[in-house]
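Coordinates in review
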Amino acid sequence: MTVQTRAPERLVHVPLGDRAYDILIGPGLLARAGGEITSRLKGRKAAIITDEHVAPLYLEGLMDGLQTDGIEAVSLTLPAGEKTKSFDHLATVCDMVLAARIERNDAVIALGGGVIGDLAGFAAGIVRRGVRFVQIPTSLLSQVDSSVGGKTGVNSRHGKNLLGVFHQPDLVLADTSVLDTLSEREFRAGYAEVAKYGLIDNPAFFEWLEKNWKKVFAGGPERIEAVAVSCQSKADVVVEDERETGRRALLNLGHTFGHALEAAVQYDGARLVHGEGVAIGMVLAHEFSARLNLASPDDGRRVEAHLKAVGLPTRMSDIPGELPGAEMLLTAIMQDKKVKGGKLTFILTHGIGQSFVADDVPSSEVLSFLTEKLAR
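Because the structure is a prediction, the values reported are computed rather than measured.

The next subject is the overall build of the chain. Looking only at helices and strands, one finds 13 helices and 11 strands in the chain. Each principal axis of the C-alpha distribution contributes one length, and for the chain these read about 60 × 45 × 40 Å. Counting all 376 residues of the chain, 59% fall into the buried class. Across the chain, the fraction of contacts at a sequence separation of at least 24, relative to all contacts at a separation of at least 6, is 74%. Accessible surface for the chain amounts to roughly 15300 Å². Of this, 50% is attributable to carbon and sulfur atoms. Computed over 41 positive and 48 negative side-chain charges, the separation of the two mean positions in the chain equals 3 Å.

Read from one edge to the other, the open sheet built from 7 strands follows the order β1-β2-β9-β6-β5-β3-β4, with strand pairing classed as mixed. Strands at the two margins of the open sheet, each flanked by one partner only, are β1 (10–14) and β4 (72–78). Neighbour to neighbour, the strand axes of the sheet diverge by 15° on average, direction disregarded. Bridge analysis of β1 against strand β2 (residues 21–26) gives 5 bridges, and the strand direction is antiparallel. Bridging from a neighbouring strand, His13 pairs with Asp22 of β2. Of the strands in this sheet, β3 (45–51), β4 and β5 (107–112) touch helix α3 (residues 87–99), which is tilted by about 165° from β4.

What follows deals with the pairing of β1. What you see with β1 is a clean split: Arg10, Val12 and Val14 sit on the buried side and Leu11 and His13 on the side with no burial. Two successive antiparallel strands, β1 and β2, enclose a turn made up of 6 residues, where Gly17 displays a positive phi of approximately 65°.

It is worth spelling out unusual backbone geometry at this point. Note on backbone geometry: most residues besides glycine have negative phi, and most peptide bonds are trans. We note that Asn161 has phi near 60°; this positive angle belongs to a residue other than glycine. Mapped onto the elements, Asn161 comes out in strand β8 (residues 159–163). In this model, Gln266 sits at a positive phi of 55°, which is unusual for a non-glycine residue. Mapped onto the elements, Gln266 comes out in the loop between α9 (255–264) and α10 (274–291).

The subject of this paragraph is the side chain of Gln143. For Gln143, the location among the structural elements is in helix α5 (residues 140–146). Separated by 3.0 Å, the side chain of Gln143 and the backbone oxygen of Asp175 make a polar contact.

Okay, the nonpolar core next. Counting 75 residues, the largest nonpolar core has Ile23, Ile25, Leu62, Ile109, Leu111, Ile136 and Leu140 as the members making the most contacts within it. With 9 residues, helix α8 (residues 221–240) is the single largest residue contributor to this core. Among all residues touching Leu140, those that are not within four sequence positions of it are Leu179, Leu182, Phe187, Gly190, Tyr191, Val194 and Val227. Ranked by size, the runner-up nonpolar core spans 24 residues in total, among them Ile280, Phe288, Ala326 and Ala358.

A word on the pattern of salt bridges. Oppositely charged side chains can pair when the atoms bearing their charge come close. Going through the model one piece at a time under the given rule, you end up with 30 salt bridges. Across the pair Glu304 and Lys308 runs a salt bridge, and its minimum N-O distance is 3.8 Å. With Glu304 and Lys308 both in helix α11 (residues 297–310), this residue pair falls 4 residues apart, about one helical turn. Three or more residues joined by partner-sharing salt bridges are found here, namely Glu9, Asp22, Arg32, Glu36 and Arg40.

With that out of the way, let us pick up the environment of Gly121. Structurally, the position occupied by Gly121 is in helix α4 (residues 114–126). Judged by its relative accessible area of 0%, Gly121 falls in the buried class. Measuring from C-alpha to C-alpha, the distance between Gly121 and Gly153 comes to 7.5 Å, with 32 residues separating the pair along the chain. The contacts of Gly121, once residues within four sequence positions are left out, are Ile116, Phe133, Thr152 and His167.

With that settled, the discussion passes to the packing of helix α12 (residues 326–335) against helix α13 (residues 363–375). Two elements in contact, α12 and α13, have axes separated by 9 Å at closest approach and are oriented at 135°. One finds that α12 runs oblique with respect to α13. The interaxial crossing formed by α12 with α13 has right-handed handedness. Note on element contacts: α13 touches α12 through Ser363, Val366, Leu367, Leu370, Thr371 and Leu374, opposite Ala326, Glu327, Leu329, Leu330 and Ile333. Among the residues making up the contact of α12 with α13, the classes are represented as 8 nonpolar, 2 polar and 1 charged.

This next bit is on the packing of helix α6 (residues 184–201) against α8. Relative to each other, α6 and α8 sit at 55°, their axes nearing to 9 Å. What the angle tells us is that α6 and α8 run oblique. With respect to the hand of their crossing, α6 and α8 are arranged in left-handed fashion. Along its contact with α6, which presents Phe187, Val194 and Tyr197, the element α8 presents Arg223, Ala226, Ser230, Ser233 and Lys234. Taken together, the residues that form the contact of α6 with α8 break down as 4 nonpolar, 2 polar and 2 charged.

Reading the values: the criteria
Residues numbered from 1 in each chain as written. Predicted model: local features only at pLDDT ≥ 70, side-chain atom pairs only at ≥ 80, totals over all residues. Heavy atoms only, no water. Helix = DSSP H or I, 4+ residues; strand = E, 2+ residues; numbered from the N terminus. Buried < 20%, exposed > 50% of the residue type's maximum accessible area, 1.4 Å probe, protein only. Contact = heavy atoms within 4.5 Å. Areas by Shrake-Rupley, 256 points an atom, 1.4 Å probe, with all protein chains shown as cover. Lys, Arg positive; Asp, Glu negative; His and termini not counted. Charge placed at Lys NZ, Arg CZ, Asp CG, Glu CD. Pairing = 2+ DSSP bridges. Axes fitted to C-alpha atoms, helices over the stretch in contact; angles between N-to-C directions. Polar contact = N/O pair within 3.5 Å; in protein donor to acceptor, adjacent residues only side chain to side chain. Core = buried A, V, L, I, M, F, W, Y, C linked by side-chain atoms within 4.5 Å. Salt bridge = Lys/Arg side-chain N within 4 Å of Asp/Glu carboxyl O. Parallel < 35°, antiparallel > 145°, perpendicular 65-115°, else oblique. Left-handed = near helix turned anticlockwise from the far one by under 90°. Nonpolar A, V, L, I, M, F, W, Y, C, P; charged D, E, K, R; others polar.

Any functional reading would require information beyond the geometric quantities listed.
What follows is the structure in structure tokens.
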């Protein structure tokens, strides 16, 4: 695949009728947020939701910019980490938005990674039965995945993202320059979702990533291109299947295993963050496909080799500390949203870029597979 480097800024349009929106991708967008928002939304008030890691870096500048463009903004800073995606924090956000008298044409702005985006988006979707919503994702993972498509939610003690609504954003500003402040671990975790788009249905993009991943990490046009290709891939799927009744489920490649592993460590980010769980999950999905004679074992080895080269964990044994047994992991998988009528649904593959939805996967096969992998 030859990916052409283009202008420093890219635009991906998500054509969903009266809920259509733009994704702007490039450096320096945070400084222009006020102008981009006022050109698209009628309201002139905003509630910014962020976390304690992002706020010191970008909150003041964003609020100053909004004020310059005539937007009255208030903010709420929450603890960082997956555990913030809780019903208790959702109540706090909703109360703040109501106290700020945010009306339907005003905006809730998510300034942060996937946790803040999911949480703020859920609040925006239910306060006054829906207010405007702007995503300003500050992590690679959120720029290429969670900020696009309208999935919002919080975690339950029963599992990840089991409470939520579909609420599309009105604008996504993916400022690629803010990614320079991410730790190597955070950037690598986001990269797992970038690789996912190649593994779903774009083998040429995966091959391009194998050759250019160091340039993506370094920044510049390759990084912008990787984010843009990922956003376009997700936008295409969302337009075709907004509510995940069919093809959109392919975006969950690696997530069923990954979510179970996140639950197994009780969402402890010191042990495992979401993108790392997805990386391990994508390797497991390819290996499980080979076990079922659906794909060549070479595909799983190729996926693992690339993700390992990037520095991502690729095996359950890479997770620090003890993991529960195969039965407990299977229980977590059974609670996942990809279960229909009590039957297991997995995203499996016939090869690199040939993923498909597999319904009615035998739980006995999954249990045997997990038992074998945990024993290694």
